[in-house]
Amino acid sequence: MTSCSIEEDAKAMILYEDALFSYKSKRYVTSIHRRIKIFDKSELKRGIVKITYDPSIEEIVDVEGTTSVIFNGNEVVSKLREDQVSTKKISDKQAVMTVKIPVLRAGAIIEYRYKRRAASLSKPADWKFQHDIPTLHSSYRQSTDTPKEFDFYISFEGRRTLTEEIYKGLENVSGERSTTLARFQNGAATPQGISRWELKKVNSLKSDDPFLLSPQDYIERIVFRKPGDNNNANSWSKFATNYLKVKKVSDLMRGNNLEANVSLSDVSANGSTEEKLRKIHTAIKENYKWSGKFDIYPDNANNSADVNLKLYAALNNVFVETYLILTSTPTNGMAYQGYPLEKPFDHVVVQVTDNGKSYFLDATSQFLPFEILPKYSNGRPGLTLTDKVGWT
């Protein structure tokens, strides 16, 4: 093989990758196996593998690696030596293991395996089927021997993982994957029989694509999320109700913490909608400078919830139709719309509707006018908290 069968100009490709998550000897074990073909010397960096982990709860064991090259018509295999594996501790909860696969050259096939072994674990690590180079075969396997108390949801994200039959050994399941959510609890998967997911011939995802504001939102992957993080909400309406009942949220929405110097007395009843919006937006920005932190719950230190809940309170004093929208920034990832899972949102913006026209406002940016949303807010799906809770 001298070129990639998926993308002709690819300089490297993943031929095969697999992960197996299991529970053995009271340890959670994820076994990783990956095989990569290097077509061009510019991709020799693929032979330097960095594994980040939390040394306080897990360890990396059973590291193996080989390089296969053709020399004089014969295959020559070089094995990884112990001195080619090193570990650097960054902090008590972060360490990086570096694996330097030997004898790297264009045309080589590199292969490595390792295991992540943890004494305690809240959920498995997410699995990506898609990378910055093409992937011929990618699979994730989930054993059914985990403890009964092990409980998490599995959501399927990306274009292909939401629409294709990627399950193996699973019968009588149909419909869009965007509305199908598997739950793994009591030592078995639900629906019963889920044990393997795989995708073949996956194109690369280029992070420098100018049309993708948040490339990670489009990665083909499966994501594992903990239940019970949203006050036992089993619907978005219930999630919204629970959120609005949080005292520090409701207090700000009522304007209890608006400073006296945020004066709206000059917002004329006869002024245009745009004039009112501009004055209120400017007043909030000037008096509450955003700390740089995102959250939907106030921290009394001007995180995004502090700023925009105060913006809501000020707008709600002037406009009848003022609503909150909970959303998720690119760093947090696209919110899964099928079910209220763990930490679906990390940001809040405000919607005002007046004379049949809707405006969306965010006061966290000091430099943008009211009519322009920051990049981290613009174009993101959001949950609108109206009488009929729904997605915007």
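Structural data are supplied above this passage.
This structure is a prediction, so every number in the text was calculated from the model and none was measured.

**Quick notes on the sheet that holds strand β17 (residues 321-327)**
For step 1, the next point in the chain: Strand order in the open sheet formed by 5 strands is β19-β18-β17-β20-β21, with antiparallel pairing between adjacent strands. Every interior strand has two partners, whereas the edge strands, β19 (357-361) and β21 (390-391), have only one.
For step 2, the next point in the chain: Bridge count between strand β20 (residues 382-385) and β21: 2 bridges; the pairing is antiparallel. Residue pairing across strands places Leu-383 opposite Trp-391, the latter belonging to β21.
For step 3, the next point in the chain: Here helix α4 (residues 273-287) sits on the sheet in contact with β18 (347-354) and β19, set at roughly 15 degrees to β19.
For step 4, the next point in the chain: The strands that helix α5 (residues 304-316) touches are β17, β18 and β19; relative to β18, the one it contacts most, it runs at about 15 degrees.

**Quick word on the side chain of His-131**
For step 1, the next point in the chain: Here His-131 shows up in the loop between β9 (127-128) and β10 (135-142).
For step 2, the next point in the chain: In this view, His-131 contacts Ile-14, Glu-17, Arg-34, Ser-204 and Leu-205; residues no more than four positions away in its chain are not counted.

**What about the pattern of salt bridges?**
For step 1, the next point in the chain: The tally for this structure, following the rule as stated, stands at 14 salt bridges.
For step 2, the next point in the chain: A salt bridge links Asp-132 to Arg-46; the shortest N-O distance between them is 3.2 Å. Highlighted residues: Asp-132 in the loop between β9 and β10 and Arg-46 in the loop between β2 (27-38) and β3 (48-53), separated in sequence by 86 residues.
For step 3, the next point in the chain: Taking relative accessible area as the criterion, Asp-132 reaches 41% and is therefore assigned partly exposed.
For step 4, the next point in the chain: For Arg-46, a relative accessible area of 17% corresponds to the buried category.
For step 5, the next point in the chain: A salt bridge links Lys-89 to Asp-92; the shortest N-O distance between them is 3.4 Å.

**What about the side chain of Thr-384?**
For step 1, the next point in the chain: Relative to the helices and strands, Thr-384 is located in strand β20.
For step 2, the next point in the chain: Thr-384 gets classed as buried once you look at its relative accessible area, which sits at 7%.
For step 3, the next point in the chain: Aside from chain neighbours lying at most four places away, what touches Thr-384 is Tyr-323, Leu-324, Ile-325, Gln-351, Val-389, Gly-390 and Thr-392.

**A few points about the packing of aromatic side chains**
Ring pairs (aromatic) are described by centroid distance and by the angle formed between their planes.
For step 1, the next point in the chain: What the rule picks out here adds up to 14 aromatic pairs.
For step 2, the next point in the chain: Measuring from ring centre to ring centre gives 5.5 Å for Trp-236 and Phe-345, while their planes differ by 55 degrees; the resulting arrangement is tilted. Taken together, the residues span a long stretch of sequence, with Trp-236 in helix α2 (residues 236-245) and Phe-345 in the loop between β17 and β18 at a distance of 109 residues.
For step 3, the next point in the chain: According to the relative accessible area criterion, Phe-345 is buried, its value standing at 5%.

**A closer look at the layout of surface pockets**
For step 1, the next point in the chain: Approximately 1,200 Å³ is the volume attributed to the largest pocket.
For step 2, the next point in the chain: Taken together, the elements giving at least two residues each to the lining of the largest pocket come down to β1 (12-24), β2, β3, β8 (109-118) and β9.
For step 3, the next point in the chain: A breakdown of the residues in the lining of the largest pocket according to their chemical character gives 21 nonpolar, 7 polar and 14 charged.

**A closer look at the sheet that holds strand β7 (residues 94-100)**
Think of a sheet as strands paired side by side through backbone hydrogen bonds, with each pair either parallel or antiparallel.
For step 1, the next point in the chain: Strand order in the open sheet formed by 3 strands is β3-β7-β6, and the pairing between neighbours is antiparallel. Taken across any chain shown, the strands that pair with only one partner, and hence form the sheet edges, are β3 and β6 (85-91). On average, adjacent strands in this sheet sit at an angle of 20 degrees to one another, irrespective of strand direction.
For step 2, the next point in the chain: Relative to β7, β6 runs antiparallel, the two being bridged by 6 bridges. In the sheet register, Lys-89 faces β7, and the bridge partner there is Ala-95.

Rules used throughout
- Residues numbered from 1 in each chain as written.
- Predicted model: local features only at pLDDT ≥ 70, side-chain atom pairs only at ≥ 80, totals over all residues.
- Heavy atoms only, no water.
- Pairing = 2+ DSSP bridges.
- Helix = DSSP H or I, 4+ residues; strand = E, 2+ residues; numbered from the N terminus.
- Contact = heavy atoms within 4.5 Å.
- Axes fitted to C-alpha atoms, helices over the stretch in contact; angles between N-to-C directions.
- Salt bridge = Lys/Arg side-chain N within 4 Å of Asp/Glu carboxyl O.
- Buried < 20%, exposed > 50% of the residue type's maximum accessible area, 1.4 Å probe, protein only.
- Phe/Tyr/Trp six-rings, centres within 6.5 Å; stacked < 30°, edge-to-face > 60°.
- 1 Å grid on protein atoms, 1.4 Å probe; cavity = no way out; pocket = protein on both sides within 12 Å on 5 of 7 lines; lining within 4 Å.
- Points joined across faces, edges and corners; volume = space filled by probe spheres on them.
- Nonpolar A, V, L, I, M, F, W, Y, C, P; charged D, E, K, R; others polar.

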